[in-house]
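# Notes for the structure review
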Protein chains: 2
Amino acid sequence: MAKHALDVFFNPKSVVVIGASNRVMKWGFLVFHNIVRGGYRGKLYPVNPNEKEVFGIKAYPNVKSIGRRLDLAVVIVPARAVPETLKECAEAGVKYAVIVPGGFSETGDGGRALEDEIVTIALSTGMRLVGPNTMGMYSSTSNLALLMPPIPLRPGNIGFLSESGNLGTTMMQSAIVNGLGFSRYVSVGNQADLKIYEFLQYFIDDNETNTILIYAEGLEEGREFLDVAKRLTRKKPVVVYKSGRSEAGKKAAASHVGALVGSDKVYGSAFRQAGVIRANHSFEMVDIASVLSRQPLPKGRRIGILTYGGGWGVIASDHCGMFNLEVPPLSTHVIEEMDKFMPPHWSRGNPIDTVGALDIDIFRRAVETILECDEIDGLLVLGLGVYSVFTHYYRTFSLLTNYQLSEMNSQLCDAEVEIAKDLVKFVDKYGKPVVVTSFAGGVVSDAARILQDNGVMNIPSPERAAKAMASLVEYSEYLKNSEEKGIRDKK
Amino acid sequence: MAKHALDVFFNPKSVVVIGASNRVMKWGFLVFHNIVRGGYRGKLYPVNPNEKEVFGIKAYPNVKSIGRRLDLAVVIVPARAVPETLKECAEAGVKYAVIVPGGFSETGDGGRALEDEIVTIALSTGMRLVGPNTMGMYSSTSNLALLMPPIPLRPGNIGFLSESGNLGTTMMQSAIVNGLGFSRYVSVGNQADLKIYEFLQYFIDDNETNTILIYAEGLEEGREFLDVAKRLTRKKPVVVYKSGRSEAGKKAAASHVGALVGSDKVYGSAFRQAGVIRANHSFEMVDIASVLSRQPLPKGRRIGILTYGGGWGVIASDHCGMFNLEVPPLSTHVIEEMDKFMPPHWSRGNPIDTVGALDIDIFRRAVETILECDEIDGLLVLGLGVYSVFTHYYRTFSLLTNYQLSEMNSQLCDAEVEIAKDLVKFVDKYGKPVVVTSFAGGVVSDAARILQDNGVMNIPSPERAAKAMASLVEYSEYLKNSEEKGIRDKK
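The sections below set out a description of the structure shown in this document. (Residues numbered from 1 in each chain as written. Chains lettered and ligands numbered in written order. Predicted model: local features only at pLDDT ≥ 70, side-chain atom pairs only at ≥ 80, totals over all residues. Heavy atoms only, no water.)

### As for the overall build of chain A
Defined as follows: Working definition: helices are DSSP H or I runs of at least four residues, strands are E runs of at least two. Numbering for both runs from the N terminus. Whether two residues are in contact is decided by their heavy atoms: any pair within 4.5 Å suffices. Calculation of accessible area relied on Shrake-Rupley with a 1.4 Å probe; when residues are assessed, cover is drawn exclusively from the protein chains displayed. Positive residues here are Lys and Arg, negative ones are Asp and Glu, while His and the chain termini are left out of the count. Working definition for charges: the position is that of NZ of Lys, CZ of Arg, CG of Asp or CD of Glu.
Tallying secondary structure elements over chain A gives 17 helices and 18 strands in all. By its C-alpha atoms, chain A is 80 × 65 × 45 Å across when sized along the principal axes. Put simply, 75% of the contacts in chain A that link residues at least 6 apart link residues at least 24 apart. Just so you have it, chain A exposes about 18,300 Å², and 49% of that area is on carbon and sulfur atoms. Taking the average location of the 54 positive side-chain charges in chain A and that of its 54 negative ones, the two points are 6 Å from each other.

### Observations regarding the relation of the copies chain B and chain A
For the record, the criterion: When the copies are overlaid, the least-squares fit takes in C-alpha atoms only where the residue has pLDDT of at least 70 in both copies.
Expressed as a screw operation, the relation of chain B to chain A combines 0.0 Å of axial shift with a rotation of 180 degrees, fitting to an RMSD of 0.0 Å. Each copy turns onto its partner about a two-fold axis. Most of the interface of chain B is mirrored in chain A, where 100% of its interface residues are also at the interface.

### A word on the interface of chain B and chain A
Definition in use: In short, buried area is how much 1.4 Å probe accessible area vanishes from two parts on joining, totalled over both. Salt bridges are identified by distance alone: a Lys or Arg side-chain nitrogen within 4 Å of an Asp or Glu carboxyl oxygen. Counting of polar contacts relies on pairs of N or O atoms within 3.5 Å, with two restrictions inside protein: one atom must be capable of donating a hydrogen and the other of accepting it, and residues adjacent in sequence are counted only when both atoms are side-chain atoms. Residues are grouped as follows: Ala, Val, Leu, Ile, Met, Phe, Trp, Tyr, Cys and Pro are nonpolar; Asp, Glu, Lys and Arg are charged; every other residue, Gly included, is polar.
Counting residues at the interface gives 85 residues for chain B, matched by 85 residues for chain A. Of the roughly 6,700 Å² buried between chain B and chain A on both sides combined, carbon and sulfur atoms contribute 69%. Our count for the chain B to chain A interface comes out at 0 salt bridges. Run the count over chain B and chain A and you get 24 residue pairs in polar contact (both at pLDDT 80 or more). Mapped onto the side of chain B that touches chain A, the elements with two or more residues apiece are α2 (27-38), α5 (165-177), α8 (247-257), α10 (282-294), α11 (310-322), α14 (386-397), α15 (402-430) and α17 (462-490) of chain B. The element that contributes the greatest number of residues to the side of chain B that touches chain A is α11 of chain B, accounting for 11 residues. Among the residues making up the side of chain B that touches chain A, the classes are represented as 42 nonpolar, 35 polar and 8 charged.

### Focus on the packing of helix α14 (residues 386-397) of chain A against helix α15 (residues 402-430) of chain A
In a pair of packed helices, the angle between the axes and the distance between the axes together describe the arrangement. Residue and element names in this part refer to chain A. Note the following rule: Under this scheme, a helix contributes an axis fitted over its contacting stretch, all axes are lines through C-alpha atoms, and angles between N-to-C directions fall in the 0 to 180 degree range. To sort the angles, those under 35 degrees are grouped as roughly parallel, those over 145 as roughly antiparallel, those from 65 to 115 as roughly perpendicular, and the leftovers as oblique. For any helix crossing, the convention is left-handed if the near helix is rotated counterclockwise from the far helix by under a right angle, and right-handed if that rotation is clockwise.
Orientation of α14 relative to α15, taken along the N-to-C sense of each, is 155 degrees, at an axis distance of 8 Å. Compared by their axis directions, α14 and α15 come out roughly antiparallel. The chirality of how α14 crosses α15 is left-handed. Contact residues: V386, Y387, S388, T391, Y394 and R395 in α14; L405, M408, N409, L412, C413 and E416 in α15. Classifying every residue of the contact of α14 with α15 by side-chain character gives 7 nonpolar, 3 polar and 2 charged.

### Re unusual backbone geometry
The amide bond that connects N350 of chain A to the next residue, P351 of chain A, takes the cis arrangement and shows omega of 10 degrees. Following the sequence through the fold, P351 of chain A ends up in the loop between α12 (332-339) and β16 (352-353). Of note, the bond from G131 of chain B into P132 of chain B is cis; its omega dihedral lies within 30 degrees of zero at 0 degrees. For P132 of chain B, the position within the fold is in the loop between β7 (128-130) and β8 (136-139). A positive phi angle, near 70 degrees, is found at N133 of chain B, a position not held by glycine. Looking at the secondary structure, you find N133 of chain B in the loop between β7 and β8.

### Quick look at the sheet that holds β16 of chain A
Residue and element names in this part refer to chain A. To be explicit about the condition: A pair of strands counts as paired when DSSP detects no fewer than two bridges linking them.
Strand order in this open sheet of 4 strands is β16-β15-β17-β18, and the pairing throughout is parallel. Unpaired on one side and paired on the other, β16 and β18 (434-437) mark the two borders of the sheet. Sheet analysis places strand β17 (residues 378-382) next to β18, joined by 4 bridges and oriented parallel. Paired with L379 across the two strands is V434, which belongs to β18.

### Examining the environment of E115 of chain B
Residue and element names in this part refer to chain B. Mapping E115 onto the fold places it in helix α4 (residues 109-125). In this structure, the C-alpha to C-alpha distance between E115 and G313, residues 198 residues apart in sequence, is 53 Å. With near-sequence residues (within four places) excluded, E115 lies in contact with F104, S105, P132, N190 and A192. A distance of 2.8 Å separates a polar atom in the side chain of E115 from a polar atom in the side chain of S105.

### Quick word on the side chain of T211 of chain B
Residues and elements named next belong to chain B. As for its position among the elements, T211 is in strand β12 (residues 211-216). Here the side chain of T211 touches N210 through a polar contact of 2.8 Å, side chain to side chain. With sequence-adjacent residues up to four places away left out, T211 is seen in contact with N157, I158, G159, P237, A289, L292 and S293.

### Structural notes on the pairing of strand β1 (residues 14-18) of chain A
Residues and elements named next belong to chain A. The criterion, for reference: Exposed residues in this analysis have more than 50% of their type's maximum accessible area, buried residues have under 20%, and partly exposed residues fall in between, with area computed by a 1.4 Å probe over protein chains only. Every crossover in which the path from the first strand over the helix to the second runs clockwise, viewed with the strands pointing away from the viewer, is termed right-handed.
Counting buried residues in β1 gives 5 out of 5 residues, a clear majority hidden from the surface. One ladder, built from 5 bridges, connects β1 with strand β2 (residues 43-47); its direction is parallel. For I18, the partnering residue across the bridge sits in β2 and is V47. Between the parallel pair β1 and β2, the chain is carried across by helix α2 (residues 27-38), and the sense of this crossover is right-handed. Where β1 lies against strand β5 (residues 72-75), 4 bridges are found, and the strand directions are parallel. Within the sheet, the bridge partner assigned to V16 lies in β5 and is A73.

### Considering the side chain of S187 of chain B
Residue and element names in this part refer to chain B. By the secondary structure assignment, S187 is in strand β11 (residues 182-187). From its side chain, S187 meets the backbone nitrogen of M135 in a polar contact 2.9 Å long. Among residues more than four places away in sequence, those in contact with S187 are V130, T134, M135, G136, S162 and G165.

### Quick look at the environment of R80 of chain B
All names here are of chain B. On the secondary structure map, R80 appears in the loop between β5 (72-75) and α3 (82-91). Exposure remark for R80: the relative accessible area of 70% places this residue in the exposed category. Between the C-alpha atoms of R80 and P132, which are 52 residues apart in sequence, the distance is 12 Å.

### Topic: the pattern of salt bridges
Under the criterion given, the structure shown has 36 salt bridges over all chains. Because the salt bridges share partners, they merge into one network encompassing D361, R364, D422 and K425 of chain A.

If you want it as structure tokens, here you go:
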């Protein structure tokens, strides 16, 4: 298969940073630092006429003086100087230019003229542009962290396109803190040249990417976007968080990236038809991408809810119902099985409430029974990890003796670790998705870490966990319907 | 004014823990530990026939043997032993009994009979009951942490009633981690005797409490609840998170606390009429209570949005619009004022986008200008604290020299601290509410700590911040309308 043109963009053999700086508070410093710190695998060239070297790497006064063809240029110069800089880049054979500064179409007519000028340069030279008004990109295969904010990066399988740089990096940070990783990230900026749908197209055959996440404001190339999305969603899930639902939001989007935002209802039904999953909240979009990226798809919409305590179970059921999931009662057979080990006052229904039993073995056996039975397609586990948090607090401020602490540790934390290990095995064995919710108040338990590392996500509220599970069901049903239609079409 | 009967419950001079234990994994251990560790100010008596002492405090074989009248008893014995225990308590003059075990009406007919039995004991003796099926209570004035899970407690002005013990303590933990404190907390359990509306009544004249937070499933005494709520909301805001919005949720609630859940639409309109603010998500209820408890009420619904970057501004505007807030354009006068110090490409509108300027003084002057002008009633500040987070990351994994780090620290963290201090002063000076959003990924900046300690809440997403601001506006308008009606009624 021929390589996609954007392969060079995501795997450049050489990167030049125009405006690289030794002055700590400059964007030219921050971006260059990230690239060096990220361990970029290709050749790196700082360009700055006032510096002899940047971070110990020889600096050049301009692009031409580097004297070799370059794959990717990062342009960190004032807006008015961008056209000249781009011409130099094109002459030096640069294939892609990432244009960081703002001051283009998002600022009005003057900026729009400047933006038209750089697009003309791109069209006449064949060099492609990202931005302007972008906060950069990341690619796991070349360890290229061409970003402004310092975030700890981690390779993974999520491809992420964002019309907002600050939202993009914040969401990446949030995801990475929760154990996720990314294959690619592009802050697309004003999309003067390269558009979201072009990057989207790249993901169709990108083996590094199994789930696509998009933050969109305008999506002006709606038809092209939907055409590509339809092809993509047959192979990989696409999650979109689209702002511009209210008039105030549309106005703000126009000022931010110069986007003309259409009717939200139209977007909504178009997304549904294309099998695009919609998120309604910034953090929700990470939740949904995380489970789609790491959990198996459910065969149906019958959800089991296993909980340490009643309230979370009620809230999870409530939201499952609101998202059209079923929380079916358990059969007599399963209830009889569970009667063998559950505490006397357990709920005998779904949610399966262990009513605060401190015997964690109960919880483990309950997980096993539910995932094994054929009445449930997916499981929400609420509370796992909380006993480790208790132990943390006892360690911090309790009157317990060391002996009591170690007893507690072995009965609670160690047991939760065992459950976590079993959960991971069960997901694999029974091919059913599991989503865990455990509010930890900043404490990361060993159990949570084991789950994270093995793709079982800890989503911090039952409402968000229910929504993530509903998205798995939605995508699973979309695929099923597509296949059935596919069969019908062939007849 | 005569003291409210529940004064004894929230300020008991003596507490007896029936079932107090030295065995680390028992609820009788955990509850007793919390009371001791919390520094309860009254007399504490463990009752356990098998222990000579618990935590070094002399234990008694039964309540009678203590030989004095007792204000409050905590009952941690198996369900079937509760009636006998309560009779002993009543004979010993106990005024309030908190009944921890489950196994009552929530489990079906047998449990319901047992629950009827204990209610009969209460009615015939005058002793009042909390629960059964409760996880306890907290009262700041007596330092009484009668709770099962170990959470770090903090006194404050929020009174919290919860139909779920595990949700209640999780939400308290979340609030406390974010700098909030509580005056009272009651896990009301099955409400066999004492109901939510009775506790609510206590809050009307409770000087310790300025904001009331409720998690409800059933609310079976709807009329009584609304009567009290109407009186209360004229003086103090009441926030309710009510589950049972879907059929699945209603069924789960019935199994959890035996609640019969009515139509959600009826609840919704009743809440509105009574001026009760409704939360739609567990964490949202803490957000809303936090701003109502600590921020001034806005005079109108015109919201300013000040942001480090465009995307968060768009999302905040979008959600302000969805919650019927206005994000008005700035007047020429204010734009001219801001032109004096803002970076060249700033948005010249609302959201006020500092377009990633690294000069933090710009941000401070912008805050001042907006809060001073009379075009804006409340301000969302997005991003404050993020530069401190950057610095944290640079400290953790960067190639920066110590000199560069200290330069960054003084320009970023120190400046953010100054802005935070100014913000606190401005809230006071201009009497306008400010809500901050800064996703910190687990890093607490000095700026965030200053804000927290002074009641300016950091709410972790722009969507949730917009909702919290909308709740301030909703309550402010309810009060205004009530006053106007009050005037009309008198004519």
